[in-house]
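Examination of the molecular architecture
Chain residues, written in single-letter form:
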Amino acid sequence: MKFVDRKNEIERLTRVTQADESQLIVVYGRRRIGKSTLIQKVLVPGKDVYFQADETQTANQLRLVAKAISTVVKGFDRVTYSDWSSLLETLNYRVTEKITICLDEFPYLVKSFNALPSVIQQFWDTASPRFNLILCGSSQQSMYSDVLNDKSPLYGRANCIIKLQPIALPFLQEAITGLSAKDTITNYAFWGGVPRYWKLLSGEGSLENALRHLLLTPDGTLADEPSRLLRDELRDLTLSRTLLSTIGSGTNRLSEIAGRLDKNASELTAPLRRLIEMGFIEREMPFGEDPKNSKRSIYRIKDEFMDAYYRFIAPNLSLIGLGREDAVWNIISTDINSYVGNHWEKFCRRAISGQNVDGITYGLASRWWGTVYDKTAKTGRQLELDVVAMSIDKKHLFVGECKWTSPECASRLLANLAQKASLLPFAKEVEHIHLALFLREKPQDDCDCRIFYPEDVIAMLHPTTGQ
């Protein structure tokens, strides 16, 4: 599969590794996000050293590291190193020009020898290192406690820290040739921005085949992926799985989640915050509300792959265990447009956030929901709008409606949207309201209105042309 994106990260790593002084570099991020591939794109073959640790004892790890170093420092593995200090000191003595050493899966090394961060810290502070050192790991929790935490011996030593994020939606179309804009949106809604998933997807030919082979069988390649991800990061796996399953089933308010779990809401604050820090869920509140004071916030699964898993796979594990993949696929296929539609809304909000539309630059776009009142109604009614954004100068309000359905009547949608937008409590605070539709298909009728299609949203999300 074609290597895409990561331009900024490659430029940053290249710049820092070529600096005059030796650099301590930290790269971390979730499993399968592409850390190792990124680093190997920057390392110089025959000059730099890449070592991937395993879960063995320290003596074996030292032997394997020495062997890896010997590919660029001849004879380095002829000596048996009794500890990490002697290995680092000998390497510093032997190198004749600055090289870069990468210790991938660094948490495995620390697990075997928990004083390793202290050893590296002492070496880095006193030995005038003559090589760059990259510490890389998949467990964000371990990397934080071992390297980034203010209680870690290595705290403040890193010259460069990169937390690798999922790849943006537009690059899926570049990585897998032949995908239409609609197929790109659909596939990203299921697999998200994890390169390893894309590589597995690229050989399947269709979303159905990918789901059947990767998730809908007990031995599917990604069948146990959520458990692996959670084990990397969290101690209480049972509670974390329960929270994700509850939120994935559509229970989104804290009080409702607590009720389902028979717990006090205060007991869930810390585990929910941890899931947010890991990028698995997000807290959402209506447009314009202060996150610190909002009492109308809801929780949603943020990660697309985890969302698909807890929407379709987790509730049907018994059927999957019985080999009923056809039955589970039928469940998915009947609900697929509704599921993708939820993510389509999210992609549209991302596309508008920070975007210049028709000469107007908008801030962060969000949903809005709440109670509104009009002259014809004695009591308030509930209203929800898919995309709401305020211009940077506070003079313009952007309001959008998103549909991932068969061809719609655009004029009817626009009329309904105009009526709803006029009821927004902050609509009178702006000079202009701009309406737009985000549609999967061209509408049934000709309508003089702003319409964005999948290809438009993908273009707006591309870093070189959009946000």
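Presented here is an overview of the structure given in this document. Every chain is numbered on its own, with residues counted from 1 as its sequence reads. Per-residue local features are limited, in this predicted model, to residues with pLDDT of at least 70; the limit for side-chain atom pairs, both in listing and counting, is 80 or more; totals at the level of whole chains, interfaces and linings are taken over all residues. With hydrogens and water stripped out, all remaining heavy atoms of the structure feed into the side-chain values.

A word on the overall build of the chain. Labels follow the DSSP assignment, with helices taken as runs of H or I lasting at least four residues and strands as runs of E lasting at least two, numbered in each case from the N terminus. Scanning the chain for helices and strands turns up 20 helices and 14 strands. Burial status follows relative accessibility: with a 1.4 Å probe on protein chains alone, a residue under 20% of its type maximum counts as buried, one over 50% as exposed, and anything between as partly exposed. Counting every position in the chain, which comprises 467 residues, the buried fraction comes to 52%. In what follows, residue pairs with any heavy atoms lying within 4.5 Å of each other are defined as contacts. Sequence separation of at least 24 residues holds for 65% of the intrachain contacts in the chain that already meet a minimum separation of 6. Shrake-Rupley sampling with a 1.4 Å probe provides the accessible areas, and residues are treated as covered by the protein chains on show and by no other component. Working note: accessible area of the chain is about 22,300 Å², and carbon and sulfur atoms make up 46% of it. Charge counting follows a simple rule: Lys and Arg are positive, Asp and Glu are negative, and His as well as the terminal groups are ignored. Throughout, a charge is located at the NZ atom of Lys, the CZ atom of Arg, the CG atom of Asp or the CD atom of Glu. Seen as two clouds, the 59 positive and the 57 negative side-chain charges of the chain have centres 2 Å apart.

Quick look at the layout of surface pockets now. The space that makes up the second largest pocket amounts to roughly 860 Å³. Around the second largest pocket sit 29 residues that line it, and Arg31, Arg32, Lys35, Ser36 and Ser138 are the ones nearest its centre. Among the elements of the structure, α2 (35-42), α5 (106-112), α10 (195-202) and α12 (225-233) are those that each provide at least two residues to the lining of the second largest pocket. The dominant element in the lining of the second largest pocket, judged by the number of residues it contributes, is α2, at 4 residues. Partitioning the lining of the second largest pocket into residue classes produces 9 nonpolar, 7 polar and 13 charged. Using protein atoms alone on a 1 Å grid, points that fit a 1.4 Å probe yet trap it form a cavity, whereas open point sets bounded by protein on both sides within 12 Å along at least five of seven lines form a pocket; residues with an atom within 4 Å of a point count as lining. Grid points are joined across faces, edges and corners, and a volume is the space filled by probe spheres set on the points. Nonpolar residues are Ala, Val, Leu, Ile, Met, Phe, Trp, Tyr, Cys and Pro. Charged residues are Asp, Glu, Lys and Arg, and all others, Gly as well, are polar.

This part is about the environment of Leu244. Relative to the assigned elements, Leu244 resides in helix α13 (residues 237-248). Taking the C-alpha atoms as reference, Leu244 lies 15 Å from Asn316; in sequence the two are 72 residues apart. Those residues in contact with Leu244 that lie beyond four places of it in its chain are Leu230, Leu275, Phe280, Ile281, Ile301, Met306 and Tyr310.

This next bit is on α12. With respect to burial, α12 is a largely interior element, 7 of its 9 residues being buried. For α12, the complete set of buried residues consists of Glu225, Pro226, Ser227, Leu229, Leu230, Asp232 and Glu233. Those residues of α12 hidden inside the fold are in contact with α7 (140-148), α10, α13, α15 (265-277) and α16 (304-313).

Should DSSP find at least two bridges between two strands, the strands are taken to pair. As summarised here, the arrangement of the 5 strands in space is β10-β11-β12-β13-β14, forming an open sheet in which the pairing is mixed. The strands lining the two open edges of the sheet, one partner per strand, are β10 (366-372) and β14 (450-452). In this sheet, neighbouring strand axes are inclined to one another by 40 degrees on average, regardless of whether the strands run parallel or antiparallel. When strand β11 (residues 381-390) meets strand β12 (residues 396-403), the two strands line up antiparallel, connected through 4 bridges. Bridged to Val387 within β12 is Gly400. Simply put, an axis is a line fit to the C-alpha atoms, just over the touching stretch for a helix, and the angle between two N-to-C directions goes from 0 to 180 degrees.

Bringing empty space enclosed by the protein into the picture now. Left-over empty space is what a probe sized like a water molecule reveals as it rolls over the atoms. Scanning all chains against the criterion turns up 1 cavity of 30 Å³ or more. In terms of lining, the largest cavity is formed by Val65, Ile69, Trp84, Leu87, Leu88, Leu91, Ile101, Leu103, Phe131 and Leu133. Within the residue set of the lining of the largest cavity, elements represented by two or more residues are α3 (58-69), α4 (84-94), β3 (99-104) and β4 (131-137). Here the element with the most residues in the lining of the largest cavity is α4; it accounts for 4 residues.

Among the secondary structure elements, Ile99 is positioned in strand β3. Classification of Ile99 as buried rests on a relative accessible area of 6%. Here the alpha-carbon distance between Ile99 and Phe131, two residues 32 residues apart in the chain, equals 5.0 Å.

All right, on to unusual backbone geometry then. For Asp5, which is not glycine, the phi dihedral falls at a positive 60 degrees. Note that Asp5 resides in the segment before α1 (7-17). The phi dihedral of Asp358 is positive, around 55 degrees, even though this residue is not glycine. Judged by relative accessible area, Asp358 falls into the exposed class, the value being 58%.

Here Ser297 is to be found in the loop between β6 (281-284) and β7 (298-301). In terms of polar contacts, Ser297 uses its side chain to reach the side chain of Arg283, at 3.1 Å. In contact with Ser297, not counting residues within four places along its chain, are Arg253, Arg283, Glu284 and Met285. Any pair of N or O atoms that falls within 3.5 Å is considered a polar contact. Within protein, one atom must be able to donate a hydrogen and the other to accept it, and sequence-neighbouring residues count only if both atoms are side-chain atoms.

Both the distance between ring centres and the angle between the ring planes are used here to describe each pair of aromatic rings. Aromatic contacts are taken between Phe, Tyr and Trp rings whose centres are within 6.5 Å, Trp giving its six-membered ring; a plane angle under 30 degrees counts as stacked, one over 60 as edge-to-face, and the others as tilted. With the rule as written, the count across this model stands at 18 aromatic pairs. Centre to centre, the rings of Tyr197 and Phe305 are 4.7 Å apart; their planes meet at 35 degrees, and the pair counts as tilted. Placement of the pair is Tyr197 in helix α10 and Phe305 in helix α16, with a sequence separation of 108 residues. Looking at Tyr197, the relative accessible area reads 0%, which means it is buried. By the ring-pair criterion, three or more aromatic residues cluster together here, those being Tyr362, Phe398, Phe438 and Phe452. Counted as over-ring charges are cases with an Arg CZ or a Lys NZ within 6 Å of the ring centre that also lie within 35 degrees of the ring normal. Directly above the aromatic system of Phe3 lies the positively charged group of Lys41, at a separation of 4.7 Å from the ring centroid. Over the face of the ring belonging to Tyr453 we find Lys442, whose NZ or CZ atom lies 4.5 Å from the ring centre.

The term salt bridge refers to a side-chain nitrogen of Lys or Arg lying within 4 Å of a carboxyl oxygen of Asp or Glu. Under the defined criterion, the tally for this structure stands at 25 salt bridges. Of the charged contacts, one joins Glu408 and Arg412 as a salt bridge, the two residues approaching to 3.1 Å between their closest N and O atoms. A relative accessible area of 41% places Arg412 in the partly exposed class. Each of Glu208, Arg212, Glu325 and Asp326 takes part in a single network of salt bridges with overlapping partners.

Every α-helical turn comprises 3.6 residues, leaving residues that sit three or four positions apart pointing alike. A helix is expected to reach a length of 1.5 Å times the quantity of its residues less one. End to end, α3 covers 16 Å across 12 residues, agreeing with the expected 16 Å (1.5 Å per residue, within 8%). The complete set of buried residues in α3 reads Thr58, Gln61, Leu62, Val65, Ala66, Ala68 and Ile69. Along the axis of α3, the buried residues cluster in a sector spanning 160 degrees; they form a single face. Opposite the buried face of α3, by more than 90 degrees, sit the exposed residues Ala59 and Lys67. Contacts from the buried residues of α3 go to β2 (49-52), α4, β3 and α5. Each C-beta atom gives one direction from the helix axis, and the arc is the one those directions make.

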